[in-house]
Amino acid sequence: MFVPTRRRFVLTALAAAVLPVGALAKPSEVEALIRAVTGGVAPMPGRVVLDVPELVENGNAVAMTVSLGADVPEGAVLTDIHVFADGNPRPGVVHFRFGPLAGGAKVSTRIRLATSQTVHAVAVFADGSCWHDSVSLLVTLSACLDD
Amino acid sequence: MVRPLLNVPREVRAGVAFDVRILIQHPMETGLRRDAMGLVVPQDVINRFECAVDGQEVFSATLHPAISANPYLAFSAKLVRSGTMVLRWVDDHGVEASESVAITVV
Amino acid sequence: MVAAVLPVGAQEKRSGYDDAGPQVRAMQDDDLANPAFLWVQQGAALWARREGAAGKSCADCHGAVEMMRGVAARYPAHDPARGRVVNLEQRVNQCRTERQGAALLPPEGDAMLGITALVGLQSRGLPVAVDVSGPASVHAARGEDFFRLRQGQLNLSCAQCHDQLAGQALAGSRIPQGHATGYPIYRLEWQGMGSLFRRLRACLVGVRAEPLGRDDALLGDLELYLAARAAGLAVETPGVRP
């Protein structure tokens, strides 16, 4: 089981999520998916930085940014970043690939999170090395759900 | 598909990274919701996004239903010579759309 | 006589923006990341498009959309000729049918949301300033009565949550004062754009009351009261809310 490298829980109210059709993913599923993209090896913590808020007001649109940290050596070439959410019905979130004209590793988007969980980012470099970051977060529920 | 909102500079410096930001109107239907009759609304998401300049890849993404409705992507590119940037995306129904913009390296 | 009243409890007037979390505020603050601008763009296309039997576009009569600065800030407005309060959507459809000879824009459709977002944007930053003098005051008073009426199976009034309990937590969010300064909004819960009516209807259904109809005169009265109550707050259209 990968130990999340940053785990800070905010002590505020949380509510149970409204579950959509189907069951939620299990952390072990995410392990298997991560090994599939790393070619079987466990990724090392570091190099990739996953930025996502730890207290989410609405799980429908959560701002997420991935980037590389200051610990990336000169000349290292990033090829892919994969993002997984271990508490979503399906853990795969997105796979970013960086081509020869990429200007940098920083990518921002908005993701859906079904419930409080851990989000994982796995970066793959051209030399085959794989790196990992994760954030455990709380997803709260709006009071006023619509029809 | 409705035209996206694309923000990319038309003039850039050689070798200097610049931001590309795109916002696309799409429901990104997860396939997990039920409609008023209790029937599952089928999945329909933009599943693939690609950005290239004169055929050379800048950035691409494989998107799953966990990407929010009306997807937003911000990434960066770096050019050494002028060219035409093409951004393309396709959804689960096979509907494709693209935007092209000429970028000049000054 | 209805003056621009502060909520009961004399709290400082706060926009729903102030009660939303940092991520929602960040989305609203960035025009390049605010999904509502997808609709603004569609509104701009519609503004320029010649439609209907008269073959006119909005621009042909109104000029550049920037000329609409200040308009949304004074809507909804009492229309003496029609004897009722008219909101921006209704005014747009009046123009469509009576002046353009064009079809009504369907409610909550991309076109109507786009054009109202576009026109509302022209008033962004301006203080809400509706006219409740003269005959309009009767309508605003009726709107206030509705706002204070306990209704529905939950027997709640708007005032109980949005005046008395505003600022307190309800599940994951803070109860806002209920000032409709950003409409049409991109609501994360809807994963899309919607009008004030959509939001009000959801609230009424939420307390299990009979919802008002979109074109009910009383809805106009309520929207006028809400705008008077919000007087002085800045227009935020197109807003983002959780």
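Remember, it's a predicted structure, so these values are computed and weren't measured experimentally. (Residues numbered from 1 in each chain as written. Chains lettered and ligands numbered in written order. Predicted model: local features only at pLDDT ≥ 70, side-chain atom pairs only at ≥ 80, totals over all residues.)

Next up on the list: the overall build of chain C. Looking only at helices and strands, one finds 10 helices and 7 strands in chain C. Counting only residues that meet the buried cut, chain C has 41% of its 242 residues in that class. Look at the contacts in chain C between residues 6 or more apart in sequence, and 74% of them connect residues 24 or more apart. (Helix = DSSP H or I, 4+ residues; strand = E, 2+ residues; numbered from the N terminus. Buried ≥ 20, exposed ≤ 12 C-beta atoms within 10 Å, placed from the backbone. Contact = placed C-beta atoms within 7 Å.)

What follows concerns helix α9 (residues 196–206) of chain C. Residues and elements named next belong to chain C. Among the residues making up α9, those that are buried are Leu 196, Phe 197, Arg 198, Arg 199 and Leu 200. Buried residues in α9 make contact with β6 (192–194) and α10 (217–229). Looking one or two residues beyond α9, the residue adopting positive phi is Arg 208, at roughly 60°.

Tallying the contact residues gives 29 residues for chain B and 29 residues for chain A. Listing elements by their share of the side of chain B that touches chain A, those giving two or more residues are β5 (56–63) and β6 (72–77) of chain B. Top element by residues in the side of chain B that touches chain A is β5(B). It accounts for 8 residues. Split by residue class, the side of chain B that touches chain A holds 19 nonpolar, 6 polar and 4 charged. Bridge count between strand β6 (residues 92–98) of chain A and β5(B): 5 bridges; the pairing is antiparallel. Across the sheet, the residue bridging to Val94(A) is Leu63(B), located in β5(B). (Nonpolar A, V, L, I, M, F, W, Y, C, P; charged D, E, K, R; others polar. Pairing = 2+ DSSP bridges.)

Let's shift gears to the environment of Ala73(C). When you line up the elements, Ala73(C) lands in the loop between α4 (58–62) and β1 (77–79). Residues contacting Ala73(C), with those up to four places away along its chain left out, are Ser123(C), Leu126(C), Pro127(C), Val128(C), Ala129(C) and Val235(C).

All right, on to the pairing of β5(B) then. Residue and element names in this part refer to chain B. With 6 bridges joining them, strand β4 (residues 46–53) and β5 adopt antiparallel strand pairing. Bridge assignment links Phe 49 to a residue of β5, and that residue is Ala 61. Taking the residues between adjacent antiparallel strands as the criterion, β4 and β5 are bridged by 2 residues, where Asp 54 takes a positive phi near 50°.

On to the confidence of the model for chain C, then. Residues and elements named next belong to chain C. Looking at chain C, the pLDDT average stands at 94 and 95% of residues meet or exceed 70. Across residues 1–10, where pLDDT falls below 50, the model places 19 contacts with residues more than four positions away in sequence or in other chains. The ipTM for the predicted assembly is 0.96, set against a pTM of 0.90. (pLDDT = per-residue confidence, 0-100.)

Before going further, it helps to spend a moment on the domain arrangement of chain C. All names here are of chain C. Looking at chain C, the domain boundaries give domain 1 (16–29 + 128–241) and domain 2 (36–121). If you average the C-alpha positions of domain 1 and of domain 2, the two centres end up 22 Å apart. Contacts between the two partners involve 25 residues from domain 1, matched on the other side by 22 residues from domain 2. Per element, the largest residue contribution to the side of domain 1 that touches domain 2 is 6 residues, and it comes from α10. (Domains from an automatic or database assignment.)

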